[in-house]
Amino acid sequence: MKDINKSTKNNSRRNFIKASTTAVAGFYIVPRHVLGGPGFKAPSDKLRIAGIGAGGKGGSDIRSFHKSGNAEIVALCDVDPERASGSIKAFPKAKFYADYREMLEKEGNSIDAVSVSTPDHNHAVQALMAMKMGKHVYVQKPLTHTIQEARILTQAAEKYKLVTQMGNQGSSGDGVRQMREWYAAGLIGEATKVECWTNRPVWPQGVPWPGETGKKAPKNLDWDLWLGTAEQMGYVENLHPFNWRGWWEFGTGALGDMACHIMEPAFRTLDLGYPTGAECSVGAVYTGEFKNGYFPKSCPPSSHITLGFDKPNGGNLEFHWMDGGIQPSRPEELGPNEQMGDGGNGVIIEGTRGKMMCSTYGINPKLLPSSINDSVNVAPTLPRVEGGIDGHYAQWVNACIAGHGSKEYNELSSPFSIAGPLTESVLMGNLAIKSYNVREEKADGKGYNYPGRDIKLLWDGENMKVTNFEPANQFVSKDYRAGFELPKV
């Protein structure tokens, strides 16, 4: 399967074997299930996957693909072989690389699909290089680092007719589907407000940039490849493998880390598109008496973002996001000793007739007050994913084998056609936060003005442009370091 851009070739190897076995069954060809025993699946029937990012979450993703029984891990790539050692041991036949570009160039004819699980800033360049080669892709959340990248990957998926999936596995759970069915049945009426919250970040944010110390990167880490698209700089401690999430150069903060899990149930239930506006407030960090710290390279310690969406029947929907431990007020329908969401995270959708609530990933959906749930019986109308949340990986694998446009493809939980607009909405919140930190020196040289604060950004989603505050538009896209540019579609 060297070229999978065309749906007619997506299962060519499998179909060839099936046709060959049938055509000559009366002669001396022994069926492979006889050779391999019951349940045997020939390697030619399996999806050949290369993993970019093979440690941490990347390693977990790769194991989940393999667990489906329909995938073969043929190549691994990681800038830190020590961290990827578990995957290297688990898949000894997979060729290992440090540079994703080298892996794709050398192994292009040996792979059908690519998994991307790296720091946020490198998602788009790695995924798009694979997509331009005709490879199906699975990309961890958030899909991309910038709004423009999310739009480009969404368009590329359709242009190249590829099977895509974002790693927000909750989208394959039964909970999200039940909420969609409840809403379609009119149990809470028309939605008027959404509130989402998380206890993240659980890494440093709202702190000064540590800068270079002159120390060399550990021998197990290829620092230049880890930087990827980011600006060239000397080694900075405590970014790899986890704390990069709190720095704009590499991550997308608490919002990017969790919103694709937590905002998704409401986004899908209400069938939302691009937001129409965004505003925010962020937690302040004081470094002295009445001295407010200014740390524009760091994501804030906490934030409250309000997005606006057009409702199908007219009017505007308020969509609230809170992180850093900030939570909405408890609904009056919730008992005093009942847990709100899962404690640290949750979603509440308020409608004209009632409310519903769920935890992270859409788990444990319930109508409020809880006492009415036992008496509600809405027949399922949406297909369930086999294995639920855990089936998210096999769903993508099987859709890749079936091909673009297949039944399996059409039932994907988070293809880029859905994940792209969701990611754009998530990153619109970060655009508001970055605009909050835009400052201009006062005319007298004494202090600064912050023109991006205490305003509402108006968003032209179709054209990816803020229409009332031009400085905000610098955050829609980004620059790329030489050698790590975003491929053209």
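Residues numbered from 1 in each chain as written. Predicted model: local features only at pLDDT ≥ 70, side-chain atom pairs only at ≥ 80, totals over all residues. Heavy atoms only, no water.

(A) Seen up close, the overall build of the chain. Secondary structure summary: the chain contains 14 helices and 19 strands in total. Relative to the globule expectation of 23 Å for 489 residues, the C-alpha radius of gyration of the chain, 24 Å, shows essentially globular dimensions. Expressed as lengths along the three principal axes of its C-alpha atoms, the size of the chain is roughly 90 × 65 × 40 Å. Across the 489 residues in the chain, those meeting the buried criterion constitute 53%. Restricting to contacts in the chain with at least 6 residues of sequence separation, those with at least 24 account for 71%. A total accessible area of about 21600 Å² is found for the chain, and carbon and sulfur atoms account for 49% of it. Treating the 53 positive side-chain charges of the chain as one cloud and the 53 negative ones as another, the clouds have centres 6 Å apart. (Helix = DSSP H or I, 4+ residues; strand = E, 2+ residues; numbered from the N terminus. Rg over C-alpha atoms; globule rule 2.2 N^0.38 Å. Buried < 20%, exposed > 50% of the residue type's maximum accessible area, 1.4 Å probe, protein only. Contact = heavy atoms within 4.5 Å. Areas by Shrake-Rupley, 256 points an atom, 1.4 Å probe, with all protein chains shown as cover. Lys, Arg positive; Asp, Glu negative; His and termini not counted. Charge placed at Lys NZ, Arg CZ, Asp CG, Glu CD.)

(B) The arrangement of helix α6 (residues 123-132) in detail. Most of α6 sits inside the fold, with nine of its ten residues counted as buried. Among the residues of α6, those classed as buried are His123, Ala124, Val125, Gln126, Ala127, Leu128, Met129, Ala130 and Met131. Directly beyond the C-terminal end of α6, a positive phi value near 85° is found at Gly134.

(C) Seen up close, the packing of helix α10 (residues 253-262) against helix α14 (residues 416-436). Where α10 contacts α14, the axes come no closer than 10 Å and their chain directions differ by 145°. The two elements α10 and α14 cross, and the hand of that crossing is right-handed. Residues Leu255, Gly256, Ala259 and Cys260 of α10 pack against Leu422, Thr423, Val426, Gly429 and Asn430 of α14. A breakdown of the residues in the contact of α10 with α14 according to their chemical character gives five nonpolar, four polar and no charged. (Axes fitted to C-alpha atoms, helices over the stretch in contact; angles between N-to-C directions. Left-handed = near helix turned anticlockwise from the far one by under 90°. Nonpolar A, V, L, I, M, F, W, Y, C, P; charged D, E, K, R; others polar.)

(D) Focus on the sheet that holds strand β3 (residues 95-97). The six strands are arranged β3-β2-β1-β4-β5-β6 in an open sheet whose pairing can be described as parallel. Of all the strands in the sheet, the pair left with one neighbour each is β3 and β6 (164-166). For this sheet, the mean angle separating the axes of adjacent strands, direction not counted, is 20°. With respect to the sheet, α6 is in contact with β1 (47-52), β4 (113-116), β5 (136-139) and β6, its orientation differing from that of β5 by roughly 165°. (Pairing = 2+ DSSP bridges.)

(E) Quick look at the environment of Asp454. When you line up the elements, Asp454 lands in the loop between β17 (448-449) and β18 (457-460). C-alpha separation for the pair Asp454 and Tyr436, spaced 18 residues apart in sequence, amounts to 8.2 Å.

(F) Highlighting the pattern of salt bridges. Taken as a whole, this structure holds 20 salt bridges when the rule is applied. In this structure, Lys407 and Glu411 form a salt bridge, with 3.2 Å as the shortest nitrogen-oxygen distance. For Lys407, a relative accessible area of 57% puts it in the exposed group. Residues joined by salt bridges that share partners form a network here, namely Lys141, Arg200, Arg245 and Asp257. (Salt bridge = Lys/Arg side-chain N within 4 Å of Asp/Glu carboxyl O.)

(G) Layout of the UniProt feature "domain: Gfo/Idh/MocA-like oxidoreductase N-terminal" (unreviewed entry) in the chain. UniProt records the feature "domain: Gfo/Idh/MocA-like oxidoreductase N-terminal" (unreviewed entry) for residues 48-167 in the present numbering. Helix makes up 40% of residues 48-167 and strand makes up 22%, while its end C-alpha atoms are separated by 18 Å. (UniProt positions renumbered as here; feature names shortened; annotations may be inferred.)

(H) Main features of the domain arrangement of the chain. If you check the domain split of the chain, you get domain 1 (43-170) and domain 2 (173-385 + 415-475). Spacing between the C-alpha centres of domain 1 and domain 2 amounts to 25 Å. In this assembly, 36 residues from domain 1 lie in contact with 42 residues from domain 2. Roughly 3200 Å² of surface becomes buried between domain 1 and domain 2 when both sides are summed, with 61% attributable to carbon and sulfur atoms. (Domains from an automatic or database assignment. Buried area = accessible area lost by both parts, 1.4 Å probe.)

(I) Representation of the packing of aromatic side chains in the model. Summed over all chains, the structure comprises 14 aromatic pairs. Their ring planes at 80° and their centres at 4.9 Å tell us that Phe65 and Tyr138 sit as a pair that is edge-to-face. Pair noted here: Phe65 is in helix α3 (residues 57-67) and Tyr138 is in strand β5, with a separation of 73 residues, a long-range link. Across this residue pair, the class does not change: Phe65 and Tyr138 are buried. (Phe/Tyr/Trp six-rings, centres within 6.5 Å; stacked < 30°, edge-to-face > 60°.)

(J) Summary view of helix α7 (residues 147-159). Here α7 contains 13 residues, and its C-alpha end-to-end distance of 19 Å stays within 8% of the 18 Å for a straight helix at 1.5 Å per residue. Lining the buried residues of α7 we find α6, β6, α14 and β18. A positive phi of about 55° marks Lys161, the residue just after α7. (Expected span 1.5 Å × (residues − 1).)

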